[in-house]
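Given next are the chains, with one letter for each unit.
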Amino acid sequence: QSVMSQFEELQEQITSQKESSEQQSRQHWEDEKTTLLQQYHQIQLEQMSSREEQYATQVHDLQSEINDLLNEQNAHEKEYNVWEFEKENMLERYNNKVEEFQRA
């Protein structure tokens, strides 16, 4: 009876240790899984932040390029207006000369 009792006690201890070990193992893997998920989410956030910075830089560059083009367009329009003004003056002088010759 005593041997049987010791055997059962030993069997219970082994079962208890096995369950405890399995529990610890499950907890370890759950902790690992949680850590990996947190790292994955952190990497995703960093990538999103990096893309946002990239897009912000691209938008800024495009805005600068648009401003440069608008400034260039304004300069061309001013130059065109100067040429148009000179053309009108020359046409007016030409018409005045034609009138002078016709009167003469």
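As the structure is a computational prediction, the values presented were derived from the model and not from experiment.

Draft legend 1. Representation of the overall build of the protein chain within the structure. A tally of regular secondary structure across the protein chain gives 1 helix and 0 strands. Relative to its length of 104 residues, the protein chain is extended, with a C-alpha radius of gyration of 44 Å against a globular reference of 13 Å. Projected onto the principal axes, the alpha-carbon positions of the protein chain cover approximately 150 × 15 × 5 Å. Burial analysis of the protein chain (104 residues in total) assigns 0% to the buried set. A total accessible area of about 10200 Å² is found for the protein chain, and carbon and sulfur atoms account for 53% of it. Averaged over its 9 positive side-chain charges, the protein chain has a centre that lies 13 Å from the centre of its 23 negative ones.

Draft legend 2. Broad picture of the pattern of salt bridges. Taken as a whole and judged by the stated rule, the model has 2 salt bridges. Residues Glu84 and Lys87 are paired through a salt bridge, measuring 3.1 Å at the closest nitrogen-oxygen approach. Taken together, the positions of Glu84 and Lys87, both in helix α1 (residues 2-103) and 3 residues apart, correspond to about one turn of that helix. With a relative accessible area of 40%, Lys87 lands in the partly exposed category. As a salt-bridge pair, Arg103 and Glu99 come within 3.5 Å of each other at their nearest N and O atoms. Note that Arg103 and Glu99 are positioned in helix α1 at a spacing of 4 residues, about one turn of the helix.

Draft legend 3. View of the environment of Thr35. You can see Thr35 is positioned in helix α1. Distance in space between the C-alpha atoms of Thr35 and Glu88 is 78 Å, their sequence separation being 53 residues.

Draft legend 4. Examining a negative patch on the surface more closely. Taken together, the side chains of Asp61, Glu65, Asp68 and Glu72 define an acidic patch exposed on the protein surface. Relative to the helices and strands, Asp61 resides in helix α1. The exposure class of Asp61 is partly exposed, given its relative accessible area of 45%.

Procedures and definitions
- Residues numbered from 1 in each chain as written.
- Predicted model: local features only at pLDDT ≥ 70, side-chain atom pairs only at ≥ 80, totals over all residues.
- Heavy atoms only, no water.
- Helix = DSSP H or I, 4+ residues; strand = E, 2+ residues; numbered from the N terminus.
- Rg over C-alpha atoms; globule rule 2.2 N^0.38 Å.
- Buried < 20%, exposed > 50% of the residue type's maximum accessible area, 1.4 Å probe, protein only.
- Areas by Shrake-Rupley, 256 points an atom, 1.4 Å probe, with all protein chains shown as cover.
- Lys, Arg positive; Asp, Glu negative; His and termini not counted.
- Charge placed at Lys NZ, Arg CZ, Asp CG, Glu CD.
- Salt bridge = Lys/Arg side-chain N within 4 Å of Asp/Glu carboxyl O.
- Patch = residues over 30% accessible without salt bridge, like charges linked within 9 Å, V, L, I, M, F, W, Y side chains within 5 Å.

By themselves these figures say nothing about function.
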